[in-house]
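Residue strings, one per chain:
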Amino acid sequence: MPGIAMPKMRQASDPSTEMLRRPALKKYLSPLFAAPVSWWSINKGYAMATSTNLNLPYLLAAQSQKHVTHNEALRALDAVVQIAVEDRHLATPPASPNEGVRYLVAASATAAWAGQSGTIAAYQDGAWAFYIPRKGWAIWVADEAVLLVFDGLVWQPVTSGGGGGGTSRPRLTANRTYYVRSNGSDSNDGLSDTAGGAFLTPQKAADT
């Protein structure tokens, strides 16, 4: 694999074989990481089959240390299923993160996040794991109360409006009234009860 020095694998028959500890294992085996590589058997050194969408490893019949592979897959699922990140504007990791906390790494990332901009950083078992988003993934950003969807290049706010032609809904801090009149226009802002301010259709008010 170009650019990645894989560890030397020992045969399962070697009695001195020891289970790799998780920090070392993650460097080579974790799915969807910022420098993704194929999953490898800990003891046998051959590539393992992985799932199509999340690149999770399948267990092999003759594989030793099956629980290691299985637990790594569970950790990945715990990080990328129902994603809610705390923030998307941090470029430096927090000093004392809580176990399981997740962030969307901002541009020009530094320290433990260096080189991981655009990935989802999850603090798992006392270390940062980084997951590469796939097109169509959605995340909830807690500090902004906004839902984002990854379009394959950037994260976009979820849009509204029947059929996908809408615009991003603003986050309101107070109640807002929209007006609809038979002589209004859906090109208006809907904020005043006049022909030049009100919407023409209730649907436009609902979609705004």
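Data block above holds the structure.
### Brief notes about the overall build of the protein chain
For the protein chain, the count of helices and strands is three helices and seven strands. The secondary structure elements of the protein chain, listed N-terminal to C-terminal, are α-α-β-β-β-β-β-β-β-α. Buried positions account for 34% of the 208 residues belonging to the protein chain. In the protein chain, the share of contacts with a sequence separation of at least 24, taken over all contacts with a separation of at least 6, comes to 33%. Surface exposure of the protein chain reaches about 11,900 Å², of which carbon and sulfur atoms provide 54%.

### Thoughts on the pattern of salt bridges
Per the stated rule, a full pass over the model turns up two salt bridges. When the shortest N-O distance is used, the salt bridge between Arg-88 and Glu-144 registers 2.7 Å. With Arg-88 in the loop between strand S1 (84-85) and strand S2 (102-104) and Glu-144 in the loop between strand S5 (138-141) and strand S6 (146-150), this residue pair connects regions lying 56 residues apart in the sequence. According to the relative accessible area criterion, Arg-88 is partly exposed, its value standing at 25%. Ionic pairing is found between Arg-181 and Asp-193, a salt bridge with its closest N-O pair at 3.3 Å.

### So, the sheet that holds S5
Sheet architecture is open: four strands sit in the order S1-S5-S6-S7, paired in mixed fashion. A strand with exactly one partner marks an edge of an open sheet, and here the two such strands are S1 and strand S7 (155-157). Bridge analysis of S6 against S7 gives three bridges, and the strand direction is antiparallel. Bridge pairing in S7 links Phe-150 to Trp-155.

### Points about the nonpolar core
Inside soluble globular proteins, nonpolar side chains tend to come together where they are buried. The biggest cluster of nonpolar side chains holds 20 residues, and the ones touching the most others in it are Val-80, Ile-83, Ile-120, Tyr-131, Trp-137, Ile-139 and Trp-155. Where this core is concerned, the elements lending two or more residues are helix H2 (66-80), strand S3 (120-124), strand S4 (127-131), S5 and S6. Looking at which element gives the most residues to this core, the answer is H2, with four residues. If you look at the next biggest cluster of nonpolar residues, it comprises nine residues, including Val-101, Tyr-103, Ala-121 and Trp-128.

### Focus: the sheet that holds S4
The three strands are arranged S2-S3-S4 in an open sheet whose pairing can be described as antiparallel. In the strand order of this sheet, the two ends are held by S2 and S4, each with one partner. Strand-to-strand, the axes of this sheet are offset by a mean angle of 25°, without reference to chain direction. Bridge count between S3 and S4: five bridges; the pairing is antiparallel. Along S4, the bridge assignment pairs Ala-122 with Ala-129.

### Details of the packing of aromatic side chains
The full count for this structure, using the stated rule, is six aromatic pairs. Consider the rings of Tyr-103 and Trp-113, whose centres lie 5.6 Å apart with planes at 50°: the pair is tilted. Note that Tyr-103 is positioned in strand S2 and Trp-113 in the loop between S2 and S3, a separation of 10 residues in sequence. For the pair Tyr-103 and Trp-113, a shared accessibility class is recorded, and that class is buried. Their ring planes at 65° and their centres at 6.2 Å tell us that Tyr-103 and Trp-128 sit as a pair that is edge-to-face. Taken together, the residues span a long stretch of sequence, with Tyr-103 in strand S2 and Trp-128 in strand S4 at a distance of 25 residues. An identical accessibility class is assigned to Tyr-103 and Trp-128; each is buried.

About the cut-offs
Residues numbered from 1 in each chain as written. Predicted model: local features only at pLDDT ≥ 70, side-chain atom pairs only at ≥ 80, totals over all residues. Heavy atoms only, no water. Helix = DSSP H or I, 4+ residues; strand = E, 2+ residues; numbered from the N terminus. Buried < 20%, exposed > 50% of the residue type's maximum accessible area, 1.4 Å probe, protein only. Contact = heavy atoms within 4.5 Å. Areas by Shrake-Rupley, 256 points an atom, 1.4 Å probe, with all protein chains shown as cover. Salt bridge = Lys/Arg side-chain N within 4 Å of Asp/Glu carboxyl O. Pairing = 2+ DSSP bridges. Core = buried A, V, L, I, M, F, W, Y, C linked by side-chain atoms within 4.5 Å. Axes fitted to C-alpha atoms, helices over the stretch in contact; angles between N-to-C directions. Phe/Tyr/Trp six-rings, centres within 6.5 Å; stacked < 30°, edge-to-face > 60°.

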